[in-house]
Amino acid sequence: MAALGSPLRTWRGLLRELRYLNAATGRPYRHTAAYRYLVKAFRAHRVTSEKLCRAQHELHFQAATYLCLLRSIREHVALHQEFHGKGERSVEESAGLVGLKLPQQPGGKGWEP
Amino acid sequence: MWRSCLRLRGGGRHLLNCPRGGLTASRGPVPKPPAHARAYAPPAERKRFYQNVSITQGEAGFEINLDHRKLRTPQAKLFTVPSEALAVAVATEWDSQQDTIKTYTMHLTTLCNTSLDNPTQRDKDQLIWAAAKFLDTDTVCCRVEEPETLVELQRNEWDPVIGWAERRYGVKIGSSTSIMGPSIPARTREVLVSHLASYNTWALQGIEFVVSQLKSMVLTLGLIDLHLTVEQAVLLSRLEEAFQIQKWGNVEWAHDYELQDLRARTAAGALFVHLCSESSAVKHKLPQGADSGWPVGRDPEPAFLTPFLPALGRAHLVHQVCAPGVDPGHQLVLPIVDLQEVDVM
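This structure is a prediction, so every number in the text was calculated from the model and none was measured.

Before going further, it helps to spend a moment on the overall build of chain B. From N to C terminus, chain B includes 12 helices and 6 strands. Burial analysis of chain B (345 residues in total) assigns 48% to the buried set. A sequence separation of at least 24 residues applies to 63% of the contacts in chain B between residues at least 6 apart. Of the roughly 17500 Å² of accessible surface on chain B, 56% is carried by carbon and sulfur atoms.

Written out as structure tokens, the structure reads:
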């Protein structure tokens, strides 16, 4: 039931995730340590005559796991920003929701410092 | 008056940070909130204080450098990892922080910190016991009796995984609809405990973490034995929830939010287990049929991961393969495409 898909797809997904990660810093993703490591690892495991190479399968599985990690972190943070990142409404906004306005008190309220 | 007292500083953001076991991945003490703060004042978020993240190799393993400072664990120990792949992943996590440091996104760093510090001071047996405890209430073994579609779904999706685990380890697990949960025979427990005991302490931290996220020992075994992908394991763990979502609809800010969080944690745990529990050496396979093999086994202690061919080794191999009779000192200039004929495993 190991529906891993093709290594090429995993590789492309990893490159995309690295691109997203480095988009904000402005540095090209090809200079990052992660990119260099992945390139070396994928190249080293590419050539084999075995039909069922266990090490190749393991590397592909680890790459797919890492891709899942990066992708789900990015989507989790995006969901958090969109739905949970705004915090509470201020008292003025809450009053405005029901059509009320807070009174203006030039001397300040008695209990505030 | 009570309304202004209940307003949280910085919005409600910090309530959603969930430190794991009271452990944060931040360096040093958190800045104290000012004296006139409300009753609950969440700690201010640390800004990103470094530009570059780099990896160096020390005598105990690989270390992470933030600018010129070495990364330390929350208990101020030096942060060292045995595997280069893990170091690269942790460095990428630190490098991906923008403006503020969101420790709740740095799962691998947190796992490494837990393994290095061991703040709950658990030894190997306690970790195994904590993981095996989930066997009694394993998700894939506890079945419902109605509705009929859910019963069938559970049977179709969970039975194959249980069957795989039973065949792989030669044990009986079974499933049950009773409220007491499945009855796991003692022999099953022994076999699985001794299997877990073959992993080192770091890998066991990862295993225990994944088990507590997925709420299932069987699914974790499937994950670390490369039988299930992370997405599949998470889907199987949340099978009933997926069933209800399909029936009643998806609520993005709750369901998807939790799904992505669970996937992230499970993926981090699984990756951590794999990177901490493997050791590999490169052996070149020569066409004379002499020798072969990539011994990927489990070491009792964490070892470095070295899947790479040293550049020199590759050149040497080309010489051997293409010119067996020729003096190895002879300079051969070969195009890159000839490397395809070389079997490298």
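Regarding its fold elements, chain A presents 4 helices and 0 strands. N-terminal to C-terminal, the α/β element order of chain A is α-α-α-α. Over its C-alpha trace chain A gives a radius of gyration of 25 Å, far above what one expects of a compact globule, namely 13 Å for 113 residues. The C-alpha extent of chain A, read off along each of the three principal axes, is 85 × 35 × 20 Å. For chain A, restricting intrachain contacts to residue pairs at least 6 apart in sequence, the fraction spanning at least 24 positions comes to 56%. Only carbon and sulfur atoms are counted for the fraction: they give 53% of the accessible area of chain A, which is about 7300 Å². Measuring between centres, the 18 positive side-chain charges of chain A sit 15 Å from its 9 negative side-chain charges.

Applying the stated criterion to the full structure yields 6 aromatic pairs over all chains. Ring centres of Tyr29(A) and Tyr35(A) lie 5.5 Å apart, and the angle between their planes is 90°; this geometry places the pair in the edge-to-face category. Judged by relative accessible area, Tyr35(A) falls into the buried class, the value being 14%. Note on Trp202(B) and Phe272(B): the rings are 6.0 Å apart at their centroids and 15° apart in plane angle, and the pair reads as stacked. You can see Trp202(B) sitting in helix α7 (residues 201–214) and its partner Phe272(B) sitting in helix α11 (residues 252–276), a full 70 residues away along the chain. Of the aromatic side chains, those joined through ring pairs into one cluster are Trp11(A), Tyr29(A), Tyr35(A) and Phe42(A).

To continue, consider the domain arrangement of chain B. Residue and element names in this part refer to chain B. Domain boundaries in chain B define domain 1 (46–119 + 282–335) and domain 2 (124–276). Contacts between the two partners involve 20 residues from domain 1, matched on the other side by 16 residues from domain 2. Both faces considered, domain 1 and domain 2 share a buried interface measuring about 1500 Å² in area, 71% of it formed by carbon and sulfur atoms. At the surface where domain 1 touches domain 2, the tally comes to 0 salt bridges.

Turning our eyes to something else, we now look at helix α5 (residues 148–169) of chain B. Residues and elements named next belong to chain B. Taking 1.5 Å per residue as the helical rise, α5 with its 22 residues ought to reach 32 Å, and the 31 Å between its terminal C-alpha atoms agrees with that figure. At Trp158, α5 shows its maximal kink, close to 35°; a proline, Pro160, follows between one and four residues later. Taken residue by residue, α5 has Leu150, Val151, Gln154, Trp158, Val161, Ile162, Gly163, Trp164, Ala165 and Tyr169 as its buried positions. For α5, the elements touching its buried residues are α6 (186–196), α8 (217–224), α9 (230–237) and α10 (239–248). Where α5 ends, the next residue or the one after it, Gly170, has phi of about 65°, a positive value.

Residues and elements named next belong to chain A. Considering all chains together, one arrives at 12 salt bridges over all chains under this definition. The shortest N-O distance in the salt bridge between Glu17 and Arg71 comes to 4.0 Å. In this pair, Glu17 sits in helix α1 (residues 7–23) while Arg71 sits in helix α3 (residues 54–84), placing the two residues 54 residues apart along the sequence. Classification of Arg71 as partly exposed rests on a relative accessible area of 32%.

This part takes up the packing of helix α2 (residues 33–44) of chain A against helix α2 (residues 84–95) of chain B. Their axes nearest at 9 Å, the elements α2(A) and α2(B) cross at an angle of 145°. The interaxial crossing formed by α2(A) with α2(B) has left-handed handedness. Across the interface between the two elements, Ala33(A), Ala34(A) and Tyr37(A) of α2(A) pack against Glu84(B), Ala85(B), Val88(B) and Thr92(B) of α2(B). A per-class count over the contact of α2(A) with α2(B) returns 5 nonpolar, 1 polar and 1 charged.

A grouping of Phe83(A), Val251(B) and Trp253(B) is seen on the molecular surface, where their side chains present a nonpolar patch of about 270 Å² in accessible area. Relative to the assigned elements, Val251(B) resides in the loop between α10 and α11. According to the relative accessible area criterion, Val251(B) is partly exposed, its value standing at 33%.

Moving on, we come to the pairing of strand β1 (residues 53–57) of chain B. Two elements, β1(B) and strand β2 (residues 62–66) of chain B, share 5 bridges in a ladder whose sense is antiparallel. Paired with Ser54(B) across the bridge in β2(B) is Asn65(B).

Before going further, it helps to spend a moment on helix α4 (residues 124–132) of chain B. An α-helical turn contains 3.6 residues, so any two residues separated by three or four positions project in the same direction. Regarding α4(B), the residues found buried are Leu127(B), Ile128(B), Ala130(B), Ala131(B) and Ala132(B). At its buried positions, α4(B) is contacted by α6, α7 and α8 of chain B.

Rules behind the numbers
Residues numbered from 1 in each chain as written. Chains lettered and ligands numbered in written order. Predicted model: local features only at pLDDT ≥ 70, side-chain atom pairs only at ≥ 80, totals over all residues. Heavy atoms only, no water. Helix = DSSP H or I, 4+ residues; strand = E, 2+ residues; numbered from the N terminus. Buried < 20%, exposed > 50% of the residue type's maximum accessible area, 1.4 Å probe, protein only. Contact = heavy atoms within 4.5 Å. Areas by Shrake-Rupley, 256 points an atom, 1.4 Å probe, with all protein chains shown as cover. Rg over C-alpha atoms; globule rule 2.2 N^0.38 Å. Lys, Arg positive; Asp, Glu negative; His and termini not counted. Charge placed at Lys NZ, Arg CZ, Asp CG, Glu CD. Phe/Tyr/Trp six-rings, centres within 6.5 Å; stacked < 30°, edge-to-face > 60°. Domains from an automatic or database assignment. Buried area = accessible area lost by both parts, 1.4 Å probe. Salt bridge = Lys/Arg side-chain N within 4 Å of Asp/Glu carboxyl O. Expected span 1.5 Å × (residues − 1). Bend = angle between axes of the 7 residues up to and from the residue. Axes fitted to C-alpha atoms, helices over the stretch in contact; angles between N-to-C directions. Left-handed = near helix turned anticlockwise from the far one by under 90°. Nonpolar A, V, L, I, M, F, W, Y, C, P; charged D, E, K, R; others polar. Patch = residues over 30% accessible without salt bridge, like charges linked within 9 Å, V, L, I, M, F, W, Y side chains within 5 Å. Pairing = 2+ DSSP bridges.

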